[in-house]
Protein chains: 2
Amino acid sequence: MYNFNFYNPVKVLFGPGRLNDLHGEQLPGKKALIAIGGSSVKKYGYLARLEKELDKAGVEHVLFEGIRPNPTRQNVMDGARAVRDNGCDFVIALGGGSVMDCTKCIALMAANDGDIWDYSLSGTGGKKTPANPAIPIVCITTSAGTASEVDIASVISDDEADEKTGIFYHSMFPVLSVVDSDLMMSVPPKFTAYQGMDAFFHATETVVNTKVHPMAEMFALKTIELVAKYLPAAVKNGNDREARAYMALANTLAGYYMLCTSAHTIEHTMGSFHPKLVHGAGLIMIAHVYYDFFAEKKAAEEPMIKMAKAMGVENPTSGKDFIRALDKLIADVGCAGLKMSDEGITYEELDKYPAKLHEVLGGDTSADPLPLSDGDYLAIYRNAYK
Amino acid sequence: MYNFNFYNPVKVLFGPGRLNDLHGEQLPGKKALIAIGGSSVKKYGYLARLEKELDKAGVEHVLFEGIRPNPTRQNVMDGARAVRDNGCDFVIALGGGSVMDCTKCIALMAANDGDIWDYSLSGTGGKKTPANPAIPIVCITTSAGTASEVDIASVISDDEADEKTGIFYHSMFPVLSVVDSDLMMSVPPKFTAYQGMDAFFHATETVVNTKVHPMAEMFALKTIELVAKYLPAAVKNGNDREARAYMALANTLAGYYMLCTSAHTIEHTMGSFHPKLVHGAGLIMIAHVYYDFFAEKKAAEEPMIKMAKAMGVENPTSGKDFIRALDKLIADVGCAGLKMSDEGITYEELDKYPAKLHEVLGGDTSADPLPLSDGDYLAIYRNAYK
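Residues numbered from 1 in each chain as written. Chains lettered and ligands numbered in written order. Predicted model: local features only at pLDDT ≥ 70, side-chain atom pairs only at ≥ 80, totals over all residues. Heavy atoms only, no water.

S.K.: Quick rundown of the interface of chain A and chain B? Include the residues and the values.
M.R.: With 27 residues of chain A in contact, the opposing surface of chain B contributes 27 residues. In total, about 2500 Å² of surface goes out of reach between chain A and chain B, with carbon and sulfur atoms giving 66% of it. Between chain A and chain B we count two salt bridges in total. The closest approach of N and O atoms between B:K222 and A:E217, which form a salt bridge, is 3.8 Å. At the surface where chain A touches chain B, the tally comes to 10 residue pairs in polar contact (both at pLDDT 80 or more). Put simply, the parts of the chain that give the side of chain A that touches chain B at least two residues each are β1 (4-14), α6 (214-236) and α7 (241-256) of chain A. Tallying contributions element by element places β1(A) first for the side of chain A that touches chain B, with 11 residues. (Contact = heavy atoms within 4.5 Å. Buried area = accessible area lost by both parts, 1.4 Å probe. Salt bridge = Lys/Arg side-chain N within 4 Å of Asp/Glu carboxyl O. Polar contact = N/O pair within 3.5 Å; in protein donor to acceptor, adjacent residues only side chain to side chain. Helix = DSSP H or I, 4+ residues; strand = E, 2+ residues; numbered from the N terminus.)

S.K.: Explain unusual backbone geometry to me, using residue names and the numbers behind them.
M.R.: Phi is positive for A:N315, close to 50°, though the residue is something other than glycine. Mapping A:N315 onto the fold places it in the loop between α10 (301-310) and α11 (319-332). Residue B:N70 is not a glycine yet carries a positive backbone phi of 50°. With respect to the helices, strands and loops of the structure, B:N70 is situated in the loop between β3 (60-64) and α3 (73-86).

S.K.: Account for α11(A), with residues named and values stated.
M.R.: Residue and element names in this part refer to chain A. With 14 residues, α11 ought to run about 20 Å at 1.5 Å a step, and its terminal C-alpha atoms sit 20 Å apart, in line with that. Burial in α11 covers these residues: G319, D321, F322, I323, A325, L326, L329 and I330. Where α11 is buried, its residues contact α5 (189-208), α6, α9 (279-296) and α10. Its side-chain oxygen at 3.1 Å from the backbone nitrogen of K320, S318 defines the N-terminal cap of α11. Among the residues trailing α11, G334 stands out with phi positive, at a value near 75°. (Expected span 1.5 Å × (residues − 1). Buried < 20%, exposed > 50% of the residue type's maximum accessible area, 1.4 Å probe, protein only.)

S.K.: Explain the domain arrangement of chain A to me, using residue names and the numbers behind them.
M.R.: Residues and elements named next belong to chain A. For chain A, the domain assignment lists domain 1 (11-184) and domain 2 (189-384). Each of domain 1 and domain 2 has a C-alpha centre, and these two points are 27 Å apart. Taken together, the contacts link 21 residues of domain 1 with 18 residues of domain 2. Here domain 1 meets domain 2 over a buried area of about 1500 Å², counting both sides, of which 59% is carbon and sulfur. It is F14, A144 and G145 in domain 1 that bury the most area against domain 2; as a group they hold 31% of the surface buried on that side. The partner of R241 in a salt bridge is D182, with the nearest N and O atoms 2.8 Å apart. (Domains from an automatic or database assignment.)

S.K.: Go over the nonpolar core with me, naming the residues and quoting the values.
M.R.: Burial of nonpolar side chains together is a common tendency in soluble globular proteins. Core analysis: the biggest nonpolar cluster contains 170 residues, and A:F219 and B:F219 have the highest contact counts within it. Sort the elements by how many residues they give to this core and α6(A) lands first, with 14 residues. If we skip the residues at most four places from it in the chain, A:F219 touches A:F6, A:L253, A:Y256, A:Y257, B:M215, B:M218 and B:F219. (Core = buried A, V, L, I, M, F, W, Y, C linked by side-chain atoms within 4.5 Å.)

S.K.: Outline the environment of A:S148, supporting the account with residue identities and numerical values.
M.R.: All names here are of chain A. Here S148 lies in the loop between β5 (137-141) and β6 (153-158). Looking at S148, the relative accessible area reads 1%, which means it is buried. Spatially, the C-alpha atom of S148 lies 26 Å from that of K356, the residues being 208 residues apart in sequence. Every residue in contact with S148, bar those within four places of it in the chain, is listed here: G97, M100, D101, K104, A153 and P174.

S.K.: Describe in detail empty space enclosed by the protein, supporting the description with residues and values.
M.R.: Residues and elements named next belong to chain B. Considering all chains together, one arrives at three cavities of 30 Å³ or more under this definition. Here the largest cavity is characterised by a volume of approximately 80 Å³. Together, S143, A144, M184, V187, T192, Q195, G196, L231, A234, R244 and M247 line the largest cavity. Top contributing element to the lining of the largest cavity by residue count: helix α5 (residues 189-208), with three residues. Here the residues of the lining of the largest cavity sort into six nonpolar, four polar and one charged. (1 Å grid on protein atoms, 1.4 Å probe; cavity = no way out; pocket = protein on both sides within 12 Å on 5 of 7 lines; lining within 4 Å. Points joined across faces, edges and corners; volume = space filled by probe spheres on them. Nonpolar A, V, L, I, M, F, W, Y, C, P; charged D, E, K, R; others polar.)

S.K.: Lay out the pairing of strand β7 (residues 163-168) of chain B with the relevant residues and their values.
M.R.: All names here are of chain B. The sheet contact formed by strand β6 (residues 153-158) and β7 spans six bridges and is antiparallel. Looking at β7, one finds that S154 is bridged to I167. In this structure, the hairpin formed by β6 and β7 is closed by a connection of four residues, where D162 is found at a positive phi of approximately 55°. (Pairing = 2+ DSSP bridges.)

S.K.: Which residues make up the pattern of salt bridges, and what are the values?
M.R.: Evaluated as defined, the whole model comprises 40 salt bridges over all chains. When the shortest N-O distance is used, the salt bridge between A:R18 and A:D21 registers 2.5 Å. A residue is classified by how much of its surface remains accessible, and A:R18, at 8% relative accessible area, is buried. One continuous salt-bridge network, built from bridges that share partners, spans A:E217, A:E302, A:K306, B:K222 and B:E225.

S.K.: Give me the relation of the copies chain A and chain B: which residues, what numbers.
M.R.: Here two copies of a chain appear, and what relates them is a rotation about an axis with a shift along it. Turning chain A through 180° and shifting it by 0.0 Å along the axis lays it on chain B, with an RMSD of 0.0 Å. In short, the pair behaves as if placed about a two-fold rotation axis. For chain A, the minimum C-alpha distance to the rotation axis belongs to A:P9 and amounts to 1.9 Å. The share of interface residues of chain A whose copies in chain B are also at the interface is 100%, consistent with both copies meeting through the same surface. (Least-squares fit on C-alpha atoms with pLDDT ≥ 70 in both.)

S.K.: Can you break down the sheet that holds strand β1 (residues 4-14) of chain B residue by residue, with the values?
M.R.: Strand pairing in a sheet relies on backbone hydrogen bonds, with the paired strands running either antiparallel or parallel. Spatial ordering of the open sheet is given by β3(A)-β2(A)-β4(A)-β5(A)-β8(A)-β1(A)-β1(B)-β8(B)-β5(B)-β4(B)-β2(B)-β3(B), a layout of 12 strands whose pairing is mixed. Pairing within the sheet leaves two strands with one partner each, and these edge strands are β3 (60-64) of chain A together with β3 of chain B. For this sheet, the mean inter-axis angle between neighbouring strands, taken without regard to orientation, is 25°. For β5(A) and strand β8 (residues 176-179) of chain A, the ladder comprises three bridges, and the chain directions are parallel. Across the sheet, A:V138 pairs through a bridge with A:L176, a residue of β8(A). Against the sheet, helix α3 (residues 73-86) of chain A makes contact with β2 (31-35), β3 and β4 (90-95) of chain A, and its axis sits at roughly 150° relative to β3(A), the strand it touches most. (Axes fitted to C-alpha atoms, helices over the stretch in contact; angles between N-to-C directions.)

Okay, structure coming up:
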């Protein structure tokens, strides 16, 4: 058994309608900066509901708008200044992964000098240790995809340097997160599929990971079971409240351990050349070929049989049973036609991907069922190319 | 779906040998009170290992010995005084459930005035709110049974008043717990079985509980799977390191949610009249009859089929399949011969049990698959009597 730690101090309020319970919680301050992205949280009334909860709790609040998908260094620094200028003592993220990631960094920079890049541990990051912990963070997630509501990680972009970096400190755990699937009903089918499959792949990469342990596997297999059972329904009918609730649960559960493998790195490489490629879509494009690479070599038979079982396959006997279930799931969520070429990726450019892969953020490239060489990576890209 | 909260801020170091990692952790103070029960932690060298870790970490320590099984109010107050007299700023429990429960209360009373009973919420408890949080708690568990290392609860006895009470405050979450199954190798077979079955019943009561939710069910079914697979081996050969590790995991996992039903209350009633009855043994004595009550009425078919599957039964179709697997497990861990009469319980005294049942601590008596009347309780006691 692989030894492990479990540490997750986030209090999670889970379930449809739970935003309505926020006023009853002990909130970590007296004045909140509410951070949002675009206008949809206003349009669907989520912001008004949140403001009402804060008013009931006697907590003041100011709004910080305009966090971008793939949030930027500038978003972070603007938000941190807004915290200081308005005398806020905690932050609330209301949005999906981008908003939550950015807000966690805003909380860090509200309490520390310098630039967010100073505290990045990757690439051109300054690798400095923050002098102070982040101010308290509350996350209210409106998507089921990144699980940023239960982890310490953020991904931030620097447009000028054309670079993404990961920022993660223990003080960036939210103190409180609301996972209210009623706030996810408005996610369009395509993004429901991409986000749900991202959660699915967090789990599948965990199960095949050579460093998996029984507790991580428990969370991951439950995620796989729930995604296989409920994602097709949530994609088909966004108003299916039960399917949305179970997808929200699947995503959060996957967040407790994400033992990602090369698959995430393979996708991030694609994304580094094509910033508009949606992460979940990229993962779907390479999934069949990546997993089949190991199924062909019978390199992950036991984990794949477990995953096939979790997906409802009766009496699976080989990794190929998982591959068939995976293909069916991708088709059932309407993503069988996704093509790299539709995203502007050319077959020729794939040659430069393996070298880039060693530079980008991603999963643990030493934890695949078999070690992958640059030649293997190139073969995976080429075989997945459509 | 039943809405739920998840909140567990305990950092857990899990795995055989993990006590050796303690010195590398950020410990929550400079001088620890190490609380222990009897002499076995000395005899087997666990205390020496702990002291070595603290020395390596530069943390001073003093020893507090003699915590009883079913720890007393006096144990708690003596320990709290020892903390103050020695200027300790945190506590470390090294032992099983009794030692951990007592130490959590010592930490509370080290920071608060009055008597531990003032802060009890049950029976003759004073129901006062503590003015201060407990001082930081570290738990190092030497048994796989109560999961006290990941929860806020303690059970304390008052010998003079002949009463047990439950104490639970959020500040009584340990900040750090070590679940090192190598410290459990010396538990004798009989107690390995009792403790392991206690963990099993925490899980089975959760799965049949009418208030179960998918996250609790996930933890509980994994516990059931692991106990069914590894407890017989751990009982048979206490040196089976793998079986011990998986049993330690099963127990801790069950601790994340314990949605206990009447079964726990039924047993605590027996224990209230017969204080020497070991809790796990009492649960085993009534298990077949309690679960079969619902299986006969087909009142919990779906959860029982899930539990049977988790226990390795192929294609279970009814609650009776779970009952058969349960009977087999009890036999496999050498407990089929347990008898109430061997514990001094008489058939006649059972008449007074249902009334007492409404007074003792226990599970949620409103969450059984069917509501149980006093007549039902009496019938369960009588049918389980041997």
